[in-house]
Amino acid sequence: MENIGTKIVKARKDHICDWCDCRIPKGHHYMCQTNVGNGEIWTWHGHLFCEEALDKIPGMYDSVIEDEGITTEHFRECLSEWLKENHGTVTDGKIALDPEWNPQVHPLSEIIKKAVREIKANGSLRMTFEPSFPDEYR
Ligand SMILES: [Zn+2]
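Residues numbered from 1 in each chain as written. Predicted model: local features only at pLDDT ≥ 70, side-chain atom pairs only at ≥ 80, totals over all residues.

Note: strand β6 (residues 88-91) against strand β7 (residues 94-97), four bridges, orientation antiparallel. Within β7, the residue paired with glycine 88 across the bridge is leucine 97. Between β6 and β7, which pair antiparallel and follow one another directly, the connecting turn spans two residues, one of which, aspartate 92, has a positive phi of 50°. (Pairing = 2+ DSSP bridges. Helix = DSSP H or I, 4+ residues; strand = E, 2+ residues; numbered from the N terminus.)

In structure tokens, the structure reads:
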């Protein structure tokens, strides 16, 4: 897989984020990445906060699969680990997520947005991706 172009664009129609499966509403800015590989060309759509989560949540770059980059599955796993570590309570050997941080209660996109905000407030772990975010994400 080769990335042949990455840009922040304003959505002319609704899209679905390839990281969290939630809606990117028309009019919002998002990360648009064009990839080629195996004779195909495709576009990856990502919320800006999901792209930032990639950079802020530990472990995201630990298993970059050659020719695939970071998979959605790996993204979800790292997020889930972070949630358990930071917003989980262990009871009888099981980890229960605080309802405020539970993807079964709130849309995943809202949880990711909150996670990024919290990590930034506590001091960034990595600072490699710092786009200037449009107002709708503040
Ligand atoms: Zn997303």
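Let us now look at helix α3 (residues 108-121). With 14 residues, α3 should reach 20 Å at 1.5 Å per residue; the first-to-last C-alpha distance of 20 Å fits that figure. Ile111, Ile112, Lys113, Ala115, Val116 and Ile119 are the residues of α3 that are buried. If you follow the buried residues of α3, they end up packed against α1 (48-56) and α2 (72-87). Two residues or fewer after α3 comes glycine 123, characterised by a positive phi angle close to 100°. (Expected span 1.5 Å × (residues − 1). Buried ≥ 20, exposed ≤ 12 C-beta atoms within 10 Å, placed from the backbone. Contact = placed C-beta atoms within 7 Å.)

Put simply, the protein has an average pLDDT of 88, and 87% of its residues get 70 or more. Element-level pLDDT for the protein is lowest in β6, with a mean of 90, against a maximum mean of 98 in strand β2 (residues 15-16). Ignoring residues within four places in sequence, the model shows residues 126-130, a span with pLDDT below 50, making six contacts including any to other chains. (pLDDT = per-residue confidence, 0-100.)

We now examine the nonpolar core. Judged by nonpolar contacts, the single largest core of 22 residues is most densely connected at Cys50, Ala53, Leu79, Ile112 and Ala115. Other than its neighbours up to four places away in sequence, alanine 115 contacts Ala53, Ile57 and Trp82. (Core = buried A, V, L, I, M, F, W, Y, C linked by C-beta atoms within 7 Å.)

Right, let's talk about the sheet that holds strand β4 (residues 29-37) for a bit. As summarised here, the arrangement of the three strands in space is β1-β4-β5, forming an open sheet in which the pairing is antiparallel. A single partner strand is all that each edge strand has here, and the edge strands are β1 (2-10) and β5 (40-47). Direction aside, neighbouring strands of the sheet carry axes that sit 20° apart on average. Pairing of β4 with β5, which is carried by eight bridges, proceeds in the antiparallel orientation. Across the sheet, the residue bridging to glycine 37 is glutamate 40, located in β5. Across the sheet, α1 touches β1, β4 and β5, and the angle it forms with β5 is around 90°. (Axes fitted to C-alpha atoms, helices over the stretch in contact; angles between N-to-C directions.)

What follows covers unusual backbone geometry. Not every positive phi belongs to a glycine, and asparagine 38 is a case in point at roughly 50°. Relative to the assigned elements, asparagine 38 resides in the loop between β4 and β5. With a phi angle near 50°, aspartate 92 is a residue other than glycine that sits in the positive phi range. Considering the arrangement of structural elements, one finds aspartate 92 in the loop between β6 and β7. Given 5 C-beta atoms within 10 Å, aspartate 92 falls into the exposed group.

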